[in-house]
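# Structure assessment
Chain by chain, the residues:
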Amino acid sequence: MAHCRHCDSDVDVEALVRHERDGLLRVHCPDCNGMLGAYRDPSTPRSR
Ligand SMILES: [Zn+2]
């Protein structure tokens, strides 16, 4: 479970909305669309 501090709800990780941009994986809450975090996509090769 992930917790959204925007709408104060617990969200199933599988239900999170994911977007890839600029090599980062951005995760959004499906309820309020607030951003929960941005992570380095492990599938993206390192530039160095
Ligand atoms: Zn939310």
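Below is a short write-up of the structure. (Residues numbered from 1 in each chain as written. Predicted model: local features only at pLDDT ≥ 70, side-chain atom pairs only at ≥ 80, totals over all residues.)

What follows concerns the overall build of the protein. Counting secondary structure elements, the protein contains 0 helices and 5 strands. A total of 48 residues make up the protein; the buried ones form 6% of that total. Contacts spanning at least 24 positions in sequence make up 20% of the contacts within the protein whose residues lie at least 6 apart. (Helix = DSSP H or I, 4+ residues; strand = E, 2+ residues; numbered from the N terminus. Buried ≥ 20, exposed ≤ 12 C-beta atoms within 10 Å, placed from the backbone. Contact = placed C-beta atoms within 7 Å.)

On to the sheet that holds strand β3 (residues 17–21). Reading across from one edge, β3-β4-β5 is the order of the 3 strands in this open sheet, with antiparallel pairing throughout. Here the strands that pair on one side only, and so sit at the sheet edges, are β3 and β5 (35–40). Within this sheet the neighbouring strands show an average axis-to-axis angle of 20°, counted without direction. (Pairing = 2+ DSSP bridges. Axes fitted to C-alpha atoms, helices over the stretch in contact; angles between N-to-C directions.)

Examined against the element boundaries, Arg26 turns out to sit in strand β4 (residues 24–28). On a C-alpha basis, the gap between Arg26 and Leu16 in space is 9.8 Å, while along the polypeptide they are 10 residues apart. If we ignore the near neighbours within four places in the chain, the residues touching Arg26 are His19, Arg21, Met35 and Ala38.

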